[in-house]
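Topology and contacts: notes
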Amino acid sequence: MSDKPVVGFVGIGNMGWPMAANVLKAGFALKVFDTSPEQVGKFVAEHEGAVGAKSMSDIAACELVVTMLPTGQIVREALLEVESSAFISHAKSGTVVIDMSSSEPTGTQELGAELVKKGVTLIDAPVSGGVAKAISGALTIMIGGDDAAAIEKSKAVLATMGERLFETGALGNGHAVKALNNYVAATAFAASSEAILIAKRFGLDPHTLVDIMNVSTGKSFHTEVVLKDHVIDEKYATGFQLGLLAKDVKIAADLGKAVGLDAPVSRLISQRWADALETVGFTADNTEAIKGWDKSL
Ligand code: NAD
């Protein structure tokens, strides 16, 4: 019998699907749950050995549970509230929950304090790298947690999904790093989008602009990987929803407020993404934000 823990994976969407597939491929027993039963059925049909869970009480039987859900609030509901607290009332003492979603750091600290009363340890381990690196198992993972033994126990599972594992300190720190990273990336995207819109109105070819930025100081992940295909050539298919990125930027801006820093750039960028969300919609690809920003004075 394998000495590897049974992994319960909650949320098999754009990111969770390939991440769970990599956990299974590495030889862990895997149980998956999603509020979409069709998604669970499809995953189990395509991955031999994976077991579909019918509810969160089914997941509570697993020693290690990964959550990969849209928001920290949804993670909280899944663990504490749904099906009359099915997860928390059935989870065994010693269970470790790894929240890999991009959640709100202070909410993570509060959730961790509630779970620990029931003998369940929470660690945060959000990811960057997007769908492509989720598929190749090459995500960057930022780990936060107050229980060194739980972090050690989690590392073998995390290593099946990520290439670079960083320990960032206390519970919530991983989520703070994730939000701050995405805030900086979202700022670069907003600035690059404005540059493209200005260039076009001035009569410049935006491909030329991006080619030159890529060998100049304006270079970024977006100029190198995203702008040509997804924005200028209008593919809009990075696999990362606009609403999720707007959420991350707001988390970073709120964190600035929570620590008492006057951080006007974060407030402005959060507002820009909130405006795009209103015009273009939550489930649009994040690169479609440029459509919402293309306005005349
Ligand atoms: P997604 O919307 O594609 O997937 C979320 C999944 O969770 C869906 O299958 C949904 O049915 C399921 N779900 C929702 N509520 C549930 C519940 N209560 N119980 C069980 N399942 C539930 O989102 P995603 O793109 O996979 O993102 C997941 C998380 O990862 C988010 O926090 C996001 O910010 C973060 N993230 C996304 C990317 C990306 O490129 N897509 C990159 C890094 C981090």
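Residues numbered from 1 in each chain as written. Predicted model: local features only at pLDDT ≥ 70, side-chain atom pairs only at ≥ 80, totals over all residues. Heavy atoms only, no water.

Taking an unreviewed UniProt entry as the reference, the chain is identified by name as 2-hydroxy-3-oxopropionate reductase belonging to SAR86 cluster bacterium.

So, on to the domain arrangement of the chain. If you check the domain split of the chain, you get domain 1 (7-170) and domain 2 (177-293). Summarising the inter-unit geometry, the C-alpha centres of domain 1 and domain 2 are found 28 Å apart. Across the boundary between the two partners, domain 1 contributes 13 residues, which contact 11 residues of domain 2. A buried area of about 890 Å², summed over both sides, lies between domain 1 and domain 2, and 69% of it is on carbon and sulfur atoms. Linking domain 1 to domain 2 there are 0 salt bridges. The tally of links from domain 1 across to domain 2 stands at 4 residue pairs in polar contact (both at pLDDT 80 or more). Its residues placed into classes, the side of domain 1 that touches domain 2 shows 6 nonpolar, 6 polar and 1 charged. (Domains from an automatic or database assignment. Contact = heavy atoms within 4.5 Å. Buried area = accessible area lost by both parts, 1.4 Å probe. Salt bridge = Lys/Arg side-chain N within 4 Å of Asp/Glu carboxyl O. Polar contact = N/O pair within 3.5 Å; in protein donor to acceptor, adjacent residues only side chain to side chain. Nonpolar A, V, L, I, M, F, W, Y, C, P; charged D, E, K, R; others polar.)

Below, the discussion takes up the site of the ligand. Neighbouring the ligand are 23 residues, the closest being Asn 14, Met 15, Asp 34, Leu 69 and Lys 247. At a separation of 3.2 Å, a nitrogen atom of the ligand approaches a polar backbone atom of Thr 35. Within the backbone of Leu 69, an N or O atom sits 2.9 Å from an oxygen atom of the ligand. Class assignment for the residues of the shell around the ligand results in 11 nonpolar, 9 polar and 3 charged. Looking at the shell around the ligand, you find at least three residues from each of domain 1 (7-170) and domain 2 (177-293). (Near = heavy atom within 4 Å.)

Before going further, it helps to examine the pairing of strand 4 (residues 64-67). A regular strand carries its side chains on alternate faces of the sheet. The alternating pattern of strand 4 places Leu 64 and Val 66 on one face and Val 65 and Thr 67 on the opposite face, and all of these are buried. Two elements, strand 1 (residues 7-10) and strand 4, share 4 bridges in a ladder whose sense is parallel. Looking at strand 4, one finds that Gly 8 is bridged to Val 65. Judged from the 4 bridges that link them, strand 4 and strand 5 (residues 96-99) form a sheet pairing that is parallel. When the bridges of strand 5 are listed, Leu 64 appears paired with Val 96. (Buried < 20%, exposed > 50% of the residue type's maximum accessible area, 1.4 Å probe, protein only. Helix = DSSP H or I, 4+ residues; strand = E, 2+ residues; numbered from the N terminus. Pairing = 2+ DSSP bridges.)

A word on the pairing of strand 8 (residues 139-144). For strand 8, a buried count of 6 out of 6 residues is recorded, marking the element as mostly surrounded by other parts of the structure. What you see with strand 8 is no split at all: Leu 139, Ile 141 and Ile 143 on one side and Thr 140, Met 142 and Gly 144 on the other are buried throughout. Where strand 7 (residues 127-128) meets strand 8, 2 bridges bridge the pair, whose relative direction is antiparallel. For Val 127, the partnering residue across the bridge sits in strand 8 and is Ile 141. Pairing geometry for strand 8 and strand 9 (residues 162-169), over 6 bridges, is parallel. Following the sheet pairing, Gly 144 is matched in strand 9 by Gly 169. Running through helix 7 (residues 148-161), the crossover from strand 8 to the neighbouring parallel element strand 9 is right-handed. (Right-handed = clockwise from strand over helix to strand, strands pointing away.)

This paragraph deals with the pattern of salt bridges. Counted according to the given criterion, the structure contains 13 salt bridges. One salt bridge in this structure joins Lys 247 and Asp 248, with 3.5 Å as the shortest N-O distance. Considered together, Lys 247 and Asp 248 belong to a single accessibility category, that of buried residues.

What follows is about helix 4 (residues 72-90). With 19 residues, helix 4 ought to run about 27 Å at 1.5 Å a step, yet its terminal C-alpha atoms sit only 21 Å apart, falling short of that. Taking the largest bend as the criterion, helix 4 deviates by roughly 140°, centred on Glu 83. Those residues of helix 4 that fall on the buried side of the exposure criterion are Val 75, Ala 78, Leu 79, Leu 80, Ala 86, Phe 87 and Ile 88. Each element contacted by the buried residues of helix 4 is listed here: helix 3 (56-59), strand 4, strand 5 and helix 5 (105-116). (Expected span 1.5 Å × (residues − 1). Bend = angle between axes of the 7 residues up to and from the residue.)

Moving on, we get to helix 10 (residues 221-232). Two residues of an α-helix separated by three or four positions point the same way, owing to the 3.6 residues in each turn. Given a rise of 1.5 Å per residue, 12 residues ought to cover 16 Å, and the 15 Å separating the end C-alpha atoms of helix 10 matches this to within 8%. If you check which residues of helix 10 are buried, you get His 222, Thr 223, Val 226, Leu 227, His 230, Val 231 and Ile 232. Along helix 10, the residues classed as buried sweep out an arc of 145° about the axis, all on the same side. Buried residues in helix 10 make contact with helix 8 (173-202), helix 9 (206-213) and helix 13 (289-293). The opening residue of helix 10 is Ser 220, an N-cap whose side-chain oxygen sits 3.1 Å from the backbone nitrogen of His 222. (Arc of directions from axis to C-beta.)

Right, let's get into the packing of aromatic side chains. All chains considered together, the criterion is met by 4 aromatic pairs. With a centroid separation of 5.0 Å and 80° between ring planes, the pair formed by Trp 17 and Phe 43 is classed as edge-to-face. Residue Trp 17 is found in helix 1 (residues 16-25), and its partner Phe 43 is found in helix 2 (residues 37-46); the two are separated by 26 residues along the sequence. The exposure class assigned to Trp 17 is buried, which follows from its relative accessible area of 16%. The interplanar angle of 50° and the centroid separation of 6.1 Å between the aromatic rings of Phe 189 and Trp 293 together place this pair among those described as tilted. Of the two residues, Phe 189 sits in helix 8 while Trp 293 sits in helix 13, which places them 104 residues apart along the sequence. For Phe 189, a relative accessible area of 0% corresponds to the buried category. (Phe/Tyr/Trp six-rings, centres within 6.5 Å; stacked < 30°, edge-to-face > 60°.)

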